[in-house]
Amino acid sequence: MHELTLDTVSLDYGTGNQPVLDRVALKLRQDEFVVVIGRSGAGKTSLLNLAAGFVEPTEGRVLLNGKPVSGPGQRRVVVFQDDALFPWLDALDNVAFPLKLERVGLAQRRAEARRLLSLVGLARATNRRIWELSGGMRQRVGIARALAAKPAFLLLDEPLGALDALTRSQMQELLLDVWAKSGVGALLITHSIEEALLLGTRILVLAPGGRGVRAEFRPGFGRRLLAGESAGALKDLPEFLALKRELVALIEDGERTELAA
Ligand SMILES: Nc1ncnc2c1ncn2[C@@H]1O[C@H](COP(=O)(O)OP(=O)(O)O)[C@@H](O)[C@H]1O
Ligand SMILES: [Mg+2]
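Residues numbered from 1 in each chain as written. Chains lettered and ligands numbered in written order. Predicted model: local features only at pLDDT ≥ 70, side-chain atom pairs only at ≥ 80, totals over all residues. Heavy atoms only, no water.

(A) View of the overall build of the protein chain. When helices and strands are counted, the protein chain shows 9 helices and 10 strands. Its C-alpha atoms give the protein chain a radius of gyration of 19 Å, near enough to 18 Å, the size a compact globule of 261 residues would have. Projected onto its principal axes, the C-alpha positions of the protein chain cover 60 × 45 × 35 Å. For the protein chain, buried positions account for 52% of its 261 residues. Total accessible area computed for the protein chain in this model is approximately 12400 Å², and 50% of it derives from carbon and sulfur atoms. In the protein chain, the 34 positive side-chain charges and the 31 negative ones have mean positions that sit 6 Å from each other. (Helix = DSSP H or I, 4+ residues; strand = E, 2+ residues; numbered from the N terminus. Rg over C-alpha atoms; globule rule 2.2 N^0.38 Å. Buried < 20%, exposed > 50% of the residue type's maximum accessible area, 1.4 Å probe, protein only. Areas by Shrake-Rupley, 256 points an atom, 1.4 Å probe, with all protein chains shown as cover. Lys, Arg positive; Asp, Glu negative; His and termini not counted. Charge placed at Lys NZ, Arg CZ, Asp CG, Glu CD.)

(B) A look at the site of ligand 1. Neighbouring ligand 1 are Y13, T15, V20, R39, S40, G41, A42, G43, K44, T45 and S46. A distance of 3.0 Å separates an oxygen atom of ligand 1 from a polar backbone atom of G43. Within the side chain of T45, one N or O atom sits 2.8 Å away from an oxygen atom of ligand 1. Calculation on ligand 1 without its partners gives an accessible area of 560 Å², and the protein chains cover 56% of this total. Here the residues of the shell around ligand 1 are counted per class, giving 3 nonpolar, 6 polar and 2 charged. (Near = heavy atom within 4 Å. Polar contact = N/O pair within 3.5 Å; in protein donor to acceptor, adjacent residues only side chain to side chain. Nonpolar A, V, L, I, M, F, W, Y, C, P; charged D, E, K, R; others polar.)

(C) Spotlight on the sheet that holds strand β9 (residues 202–206). Within the open sheet, the 6 strands sit side by side as β6-β7-β8-β3-β9-β10. Their pairing is mixed. Edge positions in the sheet fall to β6 (76–79) and β10 (213–217), since each of these pairs with one other strand and no more. Strand-to-strand twist across the sheet, computed as the mean angle between neighbouring axes with direction ignored, equals 20 degrees. Judged from the 5 bridges that link them, strand β7 (residues 153–157) and strand β8 (residues 185–190) form a sheet pairing that is parallel. Note on β8: the bridge partner recorded for L154 is A186. Where helix α1 (residues 44–52) meets the sheet, it contacts β3 (33–37), β6, β7, β8 and β9, and its direction lies at approximately 155 degrees from that of β7. Where helix α4 (residues 135–148) meets the sheet, it contacts β6 and β7, and its direction lies at approximately 170 degrees from that of β6. (Pairing = 2+ DSSP bridges. Axes fitted to C-alpha atoms, helices over the stretch in contact; angles between N-to-C directions. Contact = heavy atoms within 4.5 Å.)

(D) Layout of the packing of aromatic side chains. Taken as a whole and judged by the stated rule, the model has 5 aromatic pairs. A cation sits over an aromatic face here: R145 above F86, 5.1 Å from the ring centre. (Phe/Tyr/Trp six-rings, centres within 6.5 Å; stacked < 30°, edge-to-face > 60°. Lys NZ or Arg CZ within 6 Å of the ring centre and 35° of its normal.)

(E) Up close: the domain arrangement of the protein chain. Domain parsing of the protein chain yields domain 1 (12–75 + 151–260) and domain 2 (85–150). Each of domain 1 and domain 2 has a C-alpha centre, and these two points are 26 Å apart. Between domain 1 and domain 2, the residue contacts involve 16 residues of the former and 12 residues of the latter. Taking both sides of the interface into account, the surface hidden between domain 1 and domain 2 amounts to around 1100 Å²; carbon and sulfur atoms contribute 73%. Taken together, the connections running from domain 1 to domain 2 amount to 0 salt bridges. Our enumeration of links across domain 1 and domain 2 arrives at 3 residue pairs in polar contact (both at pLDDT 80 or more). With 7 residues, the single largest contributor to the side of domain 1 that touches domain 2 is helix α5 (residues 165–182). Its residues assigned to classes, the side of domain 1 that touches domain 2 shows 11 nonpolar, 3 polar and 2 charged. (Domains from an automatic or database assignment. Buried area = accessible area lost by both parts, 1.4 Å probe. Salt bridge = Lys/Arg side-chain N within 4 Å of Asp/Glu carboxyl O.)

(F) Structural context of the side chain of Q30. Within the secondary structure, Q30 sits in the loop between β2 (21–29) and β3. Take Q30: its relative accessible area is 16%, and that puts it in the buried class. A distance of 3.0 Å separates a polar side-chain atom of Q30 from the backbone oxygen of G183. Sequence-distant contacts of Q30, defined by excluding residues within four places in its chain, comprise M1, H2, A152, F153, W179, G183, V184 and G185.

(G) Broad picture of the sheet that holds strand β4 (residues 59–64). Pairing is antiparallel in the open sheet, where 4 strands are placed in the order β2-β1-β4-β5. One side of each edge strand has no neighbouring strand; the edge strands of this open sheet are β2 and β5 (67–68). Examined bridge by bridge, strand β1 (residues 3–11) and β2 share 6 bridges and lie antiparallel to one another. Looking at β2, one finds that L4 is bridged to L28. Lying over the sheet, α1 contacts β1, β2 and β4, oriented at roughly 125 degrees with respect to β1.

Right, here's the structure in full:
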């Protein structure tokens, strides 16, 4: 069981403003689906970039299984909203690409890429070129390619933000399914409260102004979605609506505090 830790990290971009993140602590286990939510500018992307090793904390450390890490590494891969797939390769070879870098043989890497494409529901699109795929399908290729590196953690910064509502809700269920089947830990950034509630085993509400984690929830709707209950029915549950109201209040209150400061 891998564990990714932000050990009381602070981040200051050196712009003379207050730190973007001030002594934030976060422990992410490989069996968790952690969702970070907060207003724009709260430091969500900065937090993910620290976890990914794209930026180094000004104070504190990032640990993988208790050992300090610096810089990006294969155990933590990032899925971006607009993933840069290689247009000259078909879906299969895009997914196989990280394995090629690892010098895995052609037959073996294509077999693995096929397995991953079917995990993301694209078994029938293996030989399609990237421009023949819809936005949601491209995103799935991006997720399969990220998984090809055999990460312990998948880091996702608002990956579904550019999709239409219907594709987005399909992709939410797909992400949950991929998480459950692949055994990777997920850290998802979103500004959608419903998405956070449906997917997260844990939700962290990031306060604005670098003040770190304002509240934490363990909703449990994702398990029910995986067990076959429909997203629509879950969203209508009184406990879902109550948590949603609580999150709206927390995030909006955070915004008011920020404006008053
Ligand atoms: N590379 C950077 N240099 C300086 N300031 C930055 C940089 N990246 C982000 N910021 C600032 O840090 C704050 C948090 O940004 P960000 O982490 O992108 O928040 P979020 O993803 O929650 O919208 C913002 O005020 C933003 O302007
Ligand atoms: Mg962001």
